[in-house]
Amino acid sequence: MNRLDSFDHVKEQLLAMPASVRLTILHPDFHGQHQLFAPVLNELGSRTVFLAIPEAGLGFNHLLELLQATIAQQLDTTLPDLPDDPVAAANVLVKTLNGYGKVSLILDAYDLIEQDSVNLFIATVAAQLPEGSRVVIGTRVLPMALVEHADLQGKTALVPVYPEKMVLDYTRSVGSDVLEVRALGPGRVLINGRLVTHWDGVLPRMLFYYFVDRGMTTRDEIFQTFWPNLSTREATNVFHVTKRKISEILGTDLTVYWSGFYRISPDLELHYDVIKFAEAVQNAAVAPDDEALVMLQNAVALYNGPYLSMVDQSWIMDRREELASNYAEALAGLARIHKVRDEKRDALGYFLRASAASPHREDLVRSIMELYRDLDRPEDALMVYERLEDELQAALNVSPGPQTREL
């Protein structure tokens, strides 16, 4: 599935939404979010009101002023004065829009709004719109107050939804807390769609990621990793205080203790990018090329940078090196598939990215040299060889092997 196919699939999700949906939220974790406005506008027809929020901290009254001006311009009508009360103002707006048949309201950059003062207004508008009309929101932060609003249950949809790429559907009720953990890159944690921004120090955050990454671990392993120089009693005290802080931060227990192991609580629905990434790379190794291509593209999309890139601890650096190697293998796998299909330029691009991620792998460099040769670019092939020569000499004090030198 190439990028165009992927975007077409997203448009299919968008256009296939049932008429019962009154609020559509363009998923903030989908990087092509703004490209979706075109199919939204095409689907909803000419009767749309499109407003991009112009500044951070926009309040309710200012929003009403902008809506009045926008509706006057885009629908060529004068909106009655909107009262200061959010529900009353929503009633007036919906009554006006209904006079135009199928009319929908599109708000971009919704995260810039002062949502405490606006959410009730938007929820009331969305809940009262007739079938075929809806509110569409573009945002960088998921507005959970709208997702969880009682009047919008069953009437709200997130687009797109890609669980295999950590683009999750927070509109469904799962009966348990949803924990979303991203560790490929600087790190990000959401509990029930809400970003965790305060960790009360470095230690609770690092112990949290250790638990999530290990999945199952013993107390001795934890102590040896975090407090090797403390006595067992001292380490025990620090451990329990830190673990309690994690529970307070999340609002639920992260782990349970059973048969000598700390495990992730079964009361949590955990989505962890590292697990999804590693599984995609592993499964692609034994899958047919068509299936492997999709798996490897998903894996590469999940890799948003080195593991916990802003932190340097021994266990993190070891894990970072392992996952970087897997990332290089995913890129090399994509390159090999394109090479088999005789798509030389695509193969070259992936091999170059793989070599940048793992600069000491001679097999990758040889593949790059062969492709440059086949593309009649021998000078570039020699430059790649010389770069490898310098890398190996500086890092390992060795020279390229005979197979590479011969090529």
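A. A look at the overall build of the protein. When its secondary structure is counted, the protein shows 16 helices and 12 strands. The C-alpha extent of the protein, read off along each of the three principal axes, is 80 × 65 × 35 Å. Burial status across the protein gives 48% buried among its 407 residues. Long-range pairs, those at least 24 residues apart, make up 65% of the contacts in the protein between residues at least 6 apart in sequence. Summed over its atoms, the accessible surface of the protein is roughly 19900 Å², and 49% of this surface lies on carbon and sulfur atoms.

B. Region of the structure containing the packing of helix α10 (residues 273–284) against helix α12 (residues 314–340). One can describe the packing of α10 onto α12 by two numbers: an axis separation of 10 Å at closest approach and a directional angle of 45 degrees. If you check the angle between α10 and α12, you find them oblique. For the element pair α10 and α12, the recorded crossing hand is left-handed. Residues Val274, Phe277 and Val281 of α10 touch α12, and the partners they reach there are Arg319, Leu323, Asn326, Tyr327 and Ala330. Of the residues in the contact of α10 with α12, the class split is six nonpolar, one polar and one charged.

C. Looking closely at the sheet that holds strand β6 (residues 177–182). Strand order in the open sheet made by the four strands is β8-β7-β6-β12, with mixed pairing throughout. Only two strands of the sheet have a single neighbouring strand rather than two, namely β8 (194–195) and β12 (268–272). Alignment of β6 against β12, held across five bridges, turns out to be parallel. When the bridges of β12 are listed, glutamate 180 appears paired with histidine 271.

D. Structural detail: the environment of asparagine 61. Here asparagine 61 lies in helix α3 (residues 60–74). Classification of asparagine 61 by relative accessible area gives partly exposed; the value is 44%.

E. Structural context of helix α7 (residues 202–214). The terminal C-alpha atoms of α7 lie 18 Å apart, and with 13 residues this matches the ideal 18 Å at 1.5 Å per residue to within 8%. Here α7 lies mainly inside the structure; 10 of its 13 residues are buried. Among all positions of α7, only Pro204, Arg205, Met206, Leu207, Phe208, Tyr209, Tyr210, Phe211, Val212 and Asp213 are buried. Glycine 215 sits one or two residues past α7 and shows a positive phi near 75 degrees.

F. Layout of a negative patch on the surface. A surface patch of like charges, here negative, comprises Glu386, Glu389, Asp390 and Glu391. A relative accessible area of 54% places aspartate 390 in the exposed class.

G. Examining the pattern of salt bridges more closely. Summed over the entire model, instances satisfying the criterion amount to 20 salt bridges. As a salt-bridge pair, arginine 182 and glutamate 180 come within 3.1 Å of each other at their nearest N and O atoms. Residue glutamate 180 is classed as buried on the basis of its relative accessible area, which comes to 1%. One salt bridge connects glutamate 329 with arginine 336, and the closest N-O pair in it is separated by 3.0 Å. Ionic contacts of the salt-bridge type, sharing partners, join the residues Asp29, Glu180, Arg182 and Arg188 into one network.

H. Local environment of the sheet that holds strand β9 (residues 216–217). One open sheet accounts for three strands, arranged β9-β11-β10; its pairing is antiparallel. Each edge of the open sheet carries a strand with a single partner, namely β9 and β10 (255–258). Where β10 meets strand β11 (residues 261–264), four bridges bridge the pair, whose relative direction is antiparallel. Bridged to threonine 255 within β11 is isoleucine 264.

I. Spotlight on the packing of aromatic side chains. What the rule picks out here adds up to 17 aromatic pairs. Seen from their ring centres, tyrosine 210 and phenylalanine 226 are 5.3 Å apart, and the 85 degrees between their planes marks the pair as edge-to-face. Here the residue tyrosine 210 occupies a position in helix α7, and phenylalanine 226 occupies one in helix α8 (residues 219–226), the gap between them amounting to 16 residues. Where phenylalanine 223 meets tryptophan 227, the ring centres are 5.9 Å apart and the plane angle is 75 degrees; that geometry is what we call edge-to-face. Relative accessible area serves as the criterion here: at 8%, phenylalanine 223 is assigned to the buried category. Joined through ring pairs, the aromatic side chains of Tyr210, Phe211, Phe223, Phe226, Trp227, Phe239, Tyr257, Tyr262, Tyr307 and Trp315 make up one cluster. Positioned above the aromatic ring of tyrosine 162 is the side chain of lysine 165, whose terminal nitrogen or guanidinium carbon lies 4.9 Å from the ring centre.

Reading the values: the criteria
Residues numbered from 1 in each chain as written. Predicted model: local features only at pLDDT ≥ 70, side-chain atom pairs only at ≥ 80, totals over all residues. Heavy atoms only, no water. Helix = DSSP H or I, 4+ residues; strand = E, 2+ residues; numbered from the N terminus. Buried < 20%, exposed > 50% of the residue type's maximum accessible area, 1.4 Å probe, protein only. Contact = heavy atoms within 4.5 Å. Areas by Shrake-Rupley, 256 points an atom, 1.4 Å probe, with all protein chains shown as cover. Axes fitted to C-alpha atoms, helices over the stretch in contact; angles between N-to-C directions. Parallel < 35°, antiparallel > 145°, perpendicular 65-115°, else oblique. Left-handed = near helix turned anticlockwise from the far one by under 90°. Nonpolar A, V, L, I, M, F, W, Y, C, P; charged D, E, K, R; others polar. Pairing = 2+ DSSP bridges. Expected span 1.5 Å × (residues − 1). Patch = residues over 30% accessible without salt bridge, like charges linked within 9 Å, V, L, I, M, F, W, Y side chains within 5 Å. Salt bridge = Lys/Arg side-chain N within 4 Å of Asp/Glu carboxyl O. Lys, Arg positive; Asp, Glu negative; His and termini not counted. Charge placed at Lys NZ, Arg CZ, Asp CG, Glu CD. Phe/Tyr/Trp six-rings, centres within 6.5 Å; stacked < 30°, edge-to-face > 60°. Lys NZ or Arg CZ within 6 Å of the ring centre and 35° of its normal.

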